[in-house]
Amino acid sequence: MATARVHQELDAVAGASVWSMDASETAATLVALDRAEAKLAELKARVAAHADDLHVGQDVAASSAANWLAHQTKQTRAETDRTVRLGHDLEQHPLTRDALAAGDVCVDQARVIVQAVDRLPAEARSRAEQHLLAEAQHHDAKTLRVLGRRLYEVIDPDAADADEAALLEREEAAAMKACRLTLHDDGHGTTHLRGQIPTFHGAALRKMLAAITAPKHQRATRSAGAEQLRGPDAMGQALCTLIERYPVTQLPKLGGLNATLVVTITEDSLLGRVERAGLLDTGDRISPGAARRLLCEAGVIPVVLGGDSMPIDVGRERRFHPTYHRLAITVRDQGCRAEGCDRKLGLHTHHVDRWADGGTTTVDQGISLCPWHHSRIHDTTYATTKLPSGKVAFHRRT
């Protein structure tokens, strides 16, 4: 059987040493394996759909071929269902099936293309499918999903804006209807959050948390030796900071009073003469250290407020792009300008011509870079080339 030959070939290369490959060989092999994986995925999906048509598994009372496959391979039922569904979808989209079988697209891209095309009228699907397959050579599944929402620009440009507006309205209405949040206190000092919110609110919250977790902000607000948090830990702490710092004057009244959490603590505990827990008006208790910190930041102890701990001098203001520059550059660039980077949050504004070399602080002289590529562009081991697309390509110097 064909699968037996596949196993033989895989066994033959499995024993090969990857340590002997140089960087160029490793890169080429990785790309080739990715294409091979796509080919196997198409074959697997095709066979899975055929198994579903034959009701494979009914001899052992399996409710479906997907459930039988999940039991046999110890995959989750959701994953095998996706495989069978992909196989049936590809039967209806031979162009995408052939592209996946040739390794020209990956499974995620194929799924996005099928979903986007199926939303269109039958007479427009072939043209739209060809368009997305061509775009798949330049974009990943995430970007293809965005392009798929604008397919009417290809098949009916005059109706594109109205179609997108109607689609967004339906999605936003459904998202708001499904909006939910639950908070569960486990009784051990931790509250667990779970829920979902519309895309706009999620994007706004992500932007707010990204500002708080930015390395520059962390260095300015944390002690020099403090560990710089990353990922979910940083986002969780940033949410706590956002809650603590949200201006109470912007909140609606609750019971005739500002929706402010009230902390009660004795004078002796406030001044550190004794260690006694603080009492919240919700009935919960917090440590005296946390109570002193919150009361301090609320302005209860004026001496702690002092002055602004972030000095700003005139020279710095002239050198760095002002807020309106950064907004214009962000809107223009729509993400990091480094070739191959899709980072859109926490971006830095970089001078095309270095400030130290006489560069000017203008919108034209500024580009958006993620923190990683901003560091690399100042790394002397890399050279950069500006591409016709406006992107910046990095090359390691020889």
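Everything below is about the structure printed above this text.
Small disclaimer: the values here were computed from a predicted structure and weren't measured.

Cut-offs used in this document
Counting starts from 1 at the beginning of each chain's written sequence and moves along it residue by residue. The predicted origin of the model limits local features to residues at a pLDDT of at least 70 and limits the giving and counting of side-chain atom pairs to 80 or more, whereas totals for whole chains, interfaces and linings rest on all residues. Side-chain figures throughout are based on the complete set of non-hydrogen atoms in the structure, without hydrogens or water. Put simply, DSSP marks the helices as runs of H or I at least four residues long and the strands as runs of E at least two long, and each gets a number from the N terminus on. For a helix, the expected span equals 1.5 Å multiplied by the number of residues minus one. Buried residues are those whose accessible area, probed at 1.4 Å on protein chains only, stays under 20% of the maximum for their type, while exposed residues exceed 50% and partly exposed ones sit between those limits. The contact rule is simple, with two residues in contact once any of their heavy atoms fall within 4.5 Å. By definition here, a salt bridge exists when the distance from a side-chain nitrogen of Lys or Arg to a carboxyl oxygen of Asp or Glu is within 4 Å. The convention used is that axes are lines fitted to C-alpha atoms, helices contributing only their stretch in contact, and that angles between N-to-C directions extend from 0 to 180 degrees. Angles below 35 degrees are treated as roughly parallel, those above 145 as roughly antiparallel, those between 65 and 115 as roughly perpendicular, and all remaining angles as oblique. A crossing counts as left-handed when the near helix is turned anticlockwise from the far one by less than a right angle, and as right-handed when that turn is clockwise. Under the scheme applied, nonpolar residues are Ala, Val, Leu, Ile, Met, Phe, Trp, Tyr, Cys and Pro; charged residues are Asp, Glu, Lys and Arg; polar residues are all the others, including Gly. Residues enter a nonpolar core if they are buried and are Ala, Val, Leu, Ile, Met, Phe, Trp, Tyr or Cys, with the set joined through side-chain atoms within 4.5 Å. The rule for pairing is simple: two strands pair if DSSP sees at least two bridges between them. Here the arc refers to the directions that run from the helix axis out to each C-beta atom.

A. View of helix α2 (residues 23–53). Taking 1.5 Å per residue as the helical rise, α2 with its 31 residues ought to reach 45 Å, and the 45 Å between its terminal C-alpha atoms agrees with that figure. Among the residues of α2, those classed as buried are Ala 38, Ala 41, Glu 42, Ala 45, Ala 48, Ala 49 and Ala 51. Looking at the buried residues of α2, the elements they touch are α3 (65–73), α4 (77–92), α5 (94–101) and α6 (107–118). His 55, located one to two residues past α2, shows a positive phi value of around 55°.

B. Representation of the pattern of salt bridges within the structure. Evaluation of the coordinates by the stated rule reveals six salt bridges. A salt bridge links Arg 35 to Asp 104, with the nearest nitrogen and oxygen atoms 3.5 Å apart. Of the two residues, Arg 35 sits in helix α2 while Asp 104 sits in the loop between α5 and α6, which places them 69 residues apart along the sequence. In this structure Arg 35 comes out as partly exposed when scored by relative accessible area, which is 36%. Among the residues examined, Asp 104 registers a relative accessible area of 37% and is labelled partly exposed. Glu 79 is paired through a salt bridge with Arg 82; the nearest N and O atoms lie 3.8 Å apart. Of this pair, Glu 79 and Arg 82 are both found in helix α4, three residues apart, which corresponds to roughly one turn of the helix.

C. Broad picture of the packing of α4 against α6. At their nearest, the axes of α4 and α6 sit 11 Å apart, and the two run at 60° to each other. Compared by their axis directions, α4 and α6 come out oblique. α6 is crossed by α4, and the crossing has left-handed handedness. Contact residues: Arg 82, Thr 83, Leu 86 and Asp 89 in α4; Val 107, Arg 111 and Val 114 in α6. Taken together, the residues of the contact of α4 with α6 sort by class into three nonpolar, one polar and three charged.

D. Summary view of the nonpolar core. Ranked by internal contacts, the top residues of the largest apolar core, which has 24 residues, are Val 105, Ile 113 and Leu 132. If you list the elements that add at least two residues to this core, you get α2, α4, α5, α6, α7 (125–135), α8 (141–148) and α9 (152–155). Here this core takes five residues from α6, the largest share from any one element. Beyond its immediate stretch of four places on either side in the chain, Ile 113 contacts Thr 96, Glu 129, Leu 132, Leu 133, Ala 136 and Leu 144.

E. View of the side chain of Gln 109. Here Gln 109 is to be found in helix α6. Exposure remark for Gln 109: the relative accessible area of 8% places this residue in the buried category. Beyond its immediate stretch of four places on either side in the chain, Gln 109 contacts Ala 136, His 139, Asp 140, Ala 141 and Leu 144.

F. The arrangement of the environment of Val 274 in detail. Relative to the assigned elements, Val 274 resides in the loop between α14 (267–270) and β6 (278–280). Along the sequence, Val 274 and Pro 288 sit 14 residues apart, while their C-alpha atoms lie 9.0 Å from each other.

G. Seen up close, the packing of α5 against α7. Where α5 contacts α7, the two axes come as close as 9 Å, and the packing angle between them is 25°. With respect to α7, the axis of α5 lies roughly parallel. From α5, Leu 95, Thr 96 and Ala 99 reach across to α7, where they touch Ser 126, Glu 129, Gln 130 and Leu 133. Considered class by class, the residues forming the contact of α5 with α7 number three nonpolar, three polar and one charged.

H. The pairing of strand β11 (residues 392–396), seen in detail. Looking at chain direction, strand β10 (residues 382–386) and β11 are connected through five bridges and run antiparallel. For Lys 386, the partnering residue across the bridge sits in β11 and is Val 392. Here β10 folds back onto β11, and the loop between the two strands holds five residues, one of which, Gly 390, carries a positive phi near 95°.

I. Region of the structure containing helix α13 (residues 231–245). With 15 residues, α13 extends 21 Å between its outermost C-alpha atoms, agreeing within 8% with the 21 Å of an ideal straight helix rising 1.5 Å per residue. Those residues of α13 not exposed but buried are Ala 234, Ala 238 and Leu 242. Taken end-on, α13 shows its buried residues confined to a sector of 80°, consistent with a single buried face. For α13, the exposed residues set more than 90 degrees away from the buried face come down to Pro 232, Asp 233 and Ile 243.

J. How the structure looks around unusual backbone geometry. The phi angle at Ala 61 is positive, at roughly 70°, despite the residue not being glycine. Here Ala 61 is to be found in the loop between α2 and α3. Its identity as a non-glycine residue notwithstanding, Lys 74 has a phi of 60°, on the positive side. By the element assignment, Lys 74 lies in the loop between α3 and α4.

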